[in-house]
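Close look at the chain arrangement
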Amino acid sequence: MSRIIAFDVGKKRVGIAATDKEKIIANSLTTLPIADVLPFIEDYLSKEPVALFVIGFARHTTGEESESMKYIRPFAKSLNNKFPSIPIEWVDERFTSKIAFQTMIEGGVKKMKRQNKALIDKISATIILQSFLEKTRCE
């Protein structure tokens, strides 16, 4: 059985999450500098089969594309060029950072740790992936 990997792409860092082998639950993996992601994925693929990549699509609350797509699209293109046999799906990522922050508060994460942007990115990737899983179960 294969996994699905999701990415929350930022200007400097990328949060990464993956499903379990049954594609039921999203789990956070790591947050890496954007330049380190492709080597990480290459190593990950040498150990685990992956069926799909999911990338957060940045939109404004109005639904219009966010300026963040200026660095998300090149990332997606690099990912597709490096791993052309793995398809890419896009998921609306509006509010994922806010949800991630609220999740940390509700989970009792201390204030200093909540300021860790890498942690927020990793949780956001998990939220993107879980929302994708829920959406595809309903279709």
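Scroll up to find the structure.
Per-chain numbering applies: the sequence of each chain, read as written, is numbered from 1 onward. In view of the model being predicted, local features appear only for residues whose pLDDT reaches at least 70, and side-chain atom pairs are presented and counted only at 80 or more, with totals across whole chains, interfaces and linings using the full set of residues. Based on all heavy atoms of the structure, the side-chain values leave hydrogens and waters out of the count.

**Topic: the overall build of the protein**
Helix and strand counts for the protein stand at 5 helices and 5 strands. Starting at the N terminus, helices and strands are each numbered in turn, a helix being any DSSP run of H or I of at least four residues and a strand any DSSP run of E of at least two. Sequence-ordered secondary structure for the protein, helices as α and strands as β, is β-β-β-α-β-α-β-α-α-α. Between buried and exposed lies partly exposed: a residue is buried under 20% and exposed over 50% of the maximum accessible area for its type, with that area taken using a 1.4 Å probe on protein chains only. By residue count, 42% of the 139 residues in the protein fall in the buried class. Sequence-distant contacts in the protein: of pairs separated by 6 or more residues, those separated by 24 or more amount to 61%. In what follows, a contact means two residues having at least one pair of non-hydrogen atoms within 4.5 Å.

**Structural notes on the pattern of salt bridges**
A pairing counts as a salt bridge when a side-chain nitrogen of Lys or Arg comes within 4 Å of a carboxyl oxygen of Asp or Glu. This structure, assessed with the given rule, holds 6 salt bridges. Two residues, Glu 48 and Arg 3, come together in a salt bridge whose shortest N-O distance is 3.1 Å. Residue Glu 48 is located in the loop between helix H1 (37-45) and strand S4 (50-57), and its partner Arg 3 is located in strand S1 (residues 3-9); the two are separated by 45 residues in the primary sequence. Residues Glu 48 and Arg 3 agree in their burial class; the two are buried. Ionic pairing is found between Arg 13 and Asp 121, a salt bridge with its closest N-O pair at 2.8 Å. Note that Arg 13 is positioned in strand S2 (residues 13-19) and Asp 121 in helix H5 (residues 117-138), a separation of 108 residues in sequence. Judged by its relative accessible area of 27%, Arg 13 is partly exposed.

**Considering the packing of aromatic side chains**
Only centres within 6.5 Å qualify two rings of Phe, Tyr or Trp (six-membered ring in Trp) as a pair; their planes then separate them into stacked at under 30 degrees, edge-to-face at over 60, and tilted for everything else. With the rule as written, the count across this model stands at 5 aromatic pairs. An aromatic cluster is present here, built from Phe 7, Phe 53, Phe 75 and Phe 83 joined pairwise through their rings.

**Focus: the nonpolar core**
Counting residues in each nonpolar core, the largest one holds 22 residues, and the members touching the most others are Ile 5, Phe 7, Val 37, Phe 53, Ile 55 and Phe 75. Elements represented by at least two residues in this core include exactly S1, S2, H1, S4 and helix H2 (69-82). With 5 residues, H2 is the single largest residue contributor to this core. Excluding its chain neighbours within four sequence positions, the residues that come into contact with Phe 53 are Ile 5, Phe 7, Ile 41, Leu 79, Phe 83, Ile 86, Pro 87, Ile 88 and Glu 89. Take the buried residues of types Ala, Val, Leu, Ile, Met, Phe, Trp, Tyr and Cys, join any two whose side-chain atoms come within 4.5 Å, and each joined set is a nonpolar core. Counting 12 residues, the second-largest nonpolar core is a separate cluster that includes Ala 17, Ala 26, Leu 52 and Ala 125.

**Focus: the pairing of S2**
Among the 7 residues that make up S2, 6 are buried, leaving the element largely enclosed by the rest of the structure. Strand pairing is assigned whenever DSSP identifies at least 2 bridges connecting the two strands. For S1 and S2, the ladder comprises 5 bridges, and the chain directions are antiparallel. Following the sheet pairing, Val 9 is matched in S2 by Val 14. Pairing of S2 with strand S3 (residues 26-33), which is carried by 7 bridges, proceeds in the antiparallel orientation. Note that in S3 the partner of Thr 19 across the bridge is Ala 26. The hairpin formed by S2 and S3 contains 6 residues between the paired strands, and Lys 23 there has a positive phi angle of roughly 60°.

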